[in-house]
Structures are given as structure tokens and as C-alpha cells.
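# Close look at the chain arrangement
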Amino acid sequence: MNILAFESSCDETAVAVVRDGRTVLSDAILSQADMHALYGGVVPEIASRKHVEAIAGLTDQALSDAGLTKSDVDAVAVTYAPGLIGAVLVGVSFAKSVAYALGVPLIPVHHVRGHIAANYLAFPELEPPFLALAISGGNTLIVDVADYTDMKILGATRDDAAGECFDKAARVLGLPYPGGKPMDLLAQMYSSQLITYGDRHLLNQSRTYYRVLRRIVIEGQNRGQLRTDVSVNEIIKAYAMLERAMIYDWCICNGDYSLYQYSGTELPLFLRAYKVQ
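What you are looking at is a predicted structure, and each value in this text was computed from that prediction instead of being measured.

Cut-offs applied
Residues numbered from 1 in each chain as written. Predicted model: local features only at pLDDT ≥ 70, side-chain atom pairs only at ≥ 80, totals over all residues. Heavy atoms only, no water. Helix = DSSP H or I, 4+ residues; strand = E, 2+ residues; numbered from the N terminus. Expected span 1.5 Å × (residues − 1). Bend = angle between axes of the 7 residues up to and from the residue. Buried < 20%, exposed > 50% of the residue type's maximum accessible area, 1.4 Å probe, protein only. Contact = heavy atoms within 4.5 Å. pLDDT = per-residue confidence, 0-100. Patch = residues over 30% accessible without salt bridge, like charges linked within 9 Å, V, L, I, M, F, W, Y side chains within 5 Å. Areas by Shrake-Rupley, 256 points an atom, 1.4 Å probe, with all protein chains shown as cover. Salt bridge = Lys/Arg side-chain N within 4 Å of Asp/Glu carboxyl O. Pairing = 2+ DSSP bridges. Axes fitted to C-alpha atoms, helices over the stretch in contact; angles between N-to-C directions. Core = buried A, V, L, I, M, F, W, Y, C linked by side-chain atoms within 4.5 Å. Phe/Tyr/Trp six-rings, centres within 6.5 Å; stacked < 30°, edge-to-face > 60°.

The terminal C-alpha atoms of helix α2 (residues 44-66), which comprises 23 residues, lie 31 Å apart, in line with the 33 Å expected from a rise of 1.5 Å per residue. Largest kink in α2: about 40°, centred on Ala54. Along α2, the residues that are buried comprise Ala47, Ser48, His51, Ala54, Ile55, Leu58, Thr59, Ala62, Leu63 and Ala66. Structurally, α2 contributes buried residues whose contacts are with β1 (2-7), β2 (12-19), β3 (23-31), α1 (33-37) and α3 (85-102).

Next comes the structure, spelled out in C-alpha cells:
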């Protein structure tokens, strides 16, 4: 069975042809990352318009690369949710039209379930049951995959997915978009032992501390409240390290948060760096 598949839930337009659920015959993608980098994040209206411009041409390319014609398509699949609603509508509307015109079934695909199912393409020998870490989407999830359609969420972040945390923090710190790579590079440059992984504290207490630290770093830098004996670069490196530690703990510790450790009454670098009483 040849399935023509569409994805338009965010800032990439993708059209692929998959055979028998395990073999990718072609995969045509148009990324909008460079365009949205101008704004520090994805602009939904721009993303939707670019999907409209690209999706028909990518469909022709995907079929051509697969060596197939429209008559060889046995079914059409499309991401239906979750995602940017305008962007999703472009893919769904186009896929419905294609399925109707070709007289083949239309298969709606849940965005996050699609991420998990992509492992069947990368590892054709993979079969349930297994444990999956789904990092993309509105939340980062740890999912128990009991069967192909039987899944249970074991743990999740309470707000953003990991990538969104990096992007949002990077934007206010003046780092490039997407924020994951520059934040990770900065974190690797920070050599202090300020943060320890796996040191779990009460959730409410650690969330409060994390928000305070984020406010101090971001607002303090923007308002020029940095003390002269600590450089802005060191503060950003330290914050990047904290961000990475938090995301590590979200993924590994079932939604709990790690905290820095410090002895006695010594305040961590974040607090010492700014005019905080």
C-alpha cells in the first residue's frame, strides 16, 4: 500500500510517500526556519501562507521522487492536530481534496502519535511494547506504547515542550532562533558545579526558585542591573546550563524539577551577579 502523507502543523511543509507503513519512498520538505528567525519564533499567519504556496509543488516532487503517479496512491494521510490551527487547516484541506479527487481513504494522524510512529520508519524491526520519549508538541511526554494504537502517558511537562523552553529563553537573551543549539553550546561552556542533575526537591518550591532565577537573569540583563564584577556572558552561560538541567529533569524525572545546590548561606551566581538584596 502506498500512502501519500502531509504534515503542516508548524513551520515546515512536508509531503512523503510511505509504502506498507515501514518504507519511505520519498520525503519532500520545505523549511521556514530562516524566515521565522527574523521574528525570534514562528509567526502562525506567515507559516500558514507559506504552506499554501508550497504544498502543491511538494506533492508533485514527492510523487516524482518515489517514481509513482497519482493513480498509484492507495490512501492519503495528514496531521490533523495538535498544531497551529491555520497551518494545520492548510494540510487537512489539501489532503481532503486529494483523497476525494483520487477516490481513496483519508487517514487523520495525531501529531504526537505521528512522532512516535516515525520510529517504525527509522527502525523497521521495532514492534510494541516500548517506552517512547516525545519531545515535540505542546508538552514533552514519556509514553508507554503497549500496542500500535494503545498508548498511555506516564509523565509530561506541565507547560511547554523542551524545545519551546529553549526558544523562548534564547529569544529574550538575544540568542538566535531556533534556540536549542546556541543554548546548548553556552551550557557546555559553563564549567561551574552550580547545578547537579537528579537532585529532586519539592515541585512547588523548585518551580518558584526557577521562575525567580529566570526573572533575575532576563530582567536584570535587559535593565542593565548587572554588577561590574560578573560579565553578562557568564550569566547567560550559567542560565543556559540551568535551562538544560531543567529540561533533563523534565524528561528523566517524570515532570519534576532539579535545583542547584549551594552550601550554607552562599547565594548562587545568579543572585550574586545582580543587585538583589
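Bringing the confidence of the model for the chain into the picture now. The predicted model of the chain has a mean per-residue pLDDT of 77, with 68% of residues at 70 or higher. Here residues 193-209 scores under 50 on pLDDT; set against residues more than four positions off or in separate chains, the count is 42 contacts. Low pLDDT (under 50) marks residues 252-277, which in the prediction has 82 contacts with non-local residues, meaning those over four places away or in another chain.

With that settled, consider a nonpolar patch on the surface. There is a patch of nonpolar side chains on the surface, built from Met35, Leu38 and Tyr39 and spanning about 330 Å² of accessible area. Mapped onto the elements of the fold, Tyr39 is located in the loop between α1 and α2. What makes Tyr39 partly exposed here is its relative accessible area of 44%.

A few words now on the sheet that holds strand β6 (residues 130-134). Within the open sheet, the three strands sit side by side as β6-β7-β8. Their pairing is antiparallel. Lying at the two open borders of the sheet, with one neighbouring strand each, are β6 and β8 (151-156). Looking at each pair of strands side by side, their axes are set apart by 25° on average, direction ignored.

Grouped together as the largest cluster of nonpolar side chains are 21 residues, with contacts concentrated most on Leu4, Phe6, Val15, Val17 and Val76. Setting aside anything within four residues of it in sequence, one finds Val17 in contact with Ile3, Leu4, Thr23, Val24, Leu25, Ser26, Ala62, Leu63, Ala66 and Leu68. Formed by nine residues, the second largest nonpolar core is a distinct cluster that contains Phe130, Ala132, Leu141 and Val145.

With the rule as written, the count across this model stands at three aromatic pairs. An angle of 70° between the planes, with centres 5.5 Å apart, marks the rings of Phe6 and Phe94 as edge-to-face. Here the residue Phe6 occupies a position in strand β1, and Phe94 occupies one in helix α3, the gap between them amounting to 88 residues. Judged by centre distance (6.0 Å) and plane angle (75°), the ring pair of Tyr120 and Phe130 falls under edge-to-face. Of this pair, Tyr120 sits in helix α4 (residues 111-122) while Phe130 sits in strand β6, and the two are 10 residues apart along the sequence. A relative accessible area of 7% means that Tyr120 is categorised as buried. For Phe130, a relative accessible area of 15% gives the class buried. The structure contains a cluster of three or more aromatic residues connected by ring pairs, namely Tyr120, Phe130 and Tyr148.

This next bit is on unusual backbone geometry. With omega at -10°, the peptide bond leading from Ala81 into Pro82 counts as cis. Looking at the secondary structure, you find Pro82 in the loop between β4 (75-81) and α3. Cis geometry is found at the peptide bond from Pro128 to Pro129, where omega equals 5°. Looking at the secondary structure, you find Pro129 in the loop between α4 and β6. The residue Asp20 is not glycine, and still its phi comes out positive at about 55°. Looking at the element boundaries, Asp20 is found in the loop between β2 and β3. The class for Asp20 is exposed, based on a relative accessible area of 55%.

Strand order in the open sheet formed by five strands is β3-β2-β1-β4-β5, and the pairing between neighbours is mixed. One side of each edge strand has no neighbouring strand; the edge strands of this open sheet are β3 and β5 (106-110). In this sheet, neighbouring strand axes are inclined to one another by 20° on average, regardless of whether the strands run parallel or antiparallel. With six bridges connecting them, β1 and β2 associate as antiparallel partners. Paired with Phe6 across the two strands is Val15, which belongs to β2.

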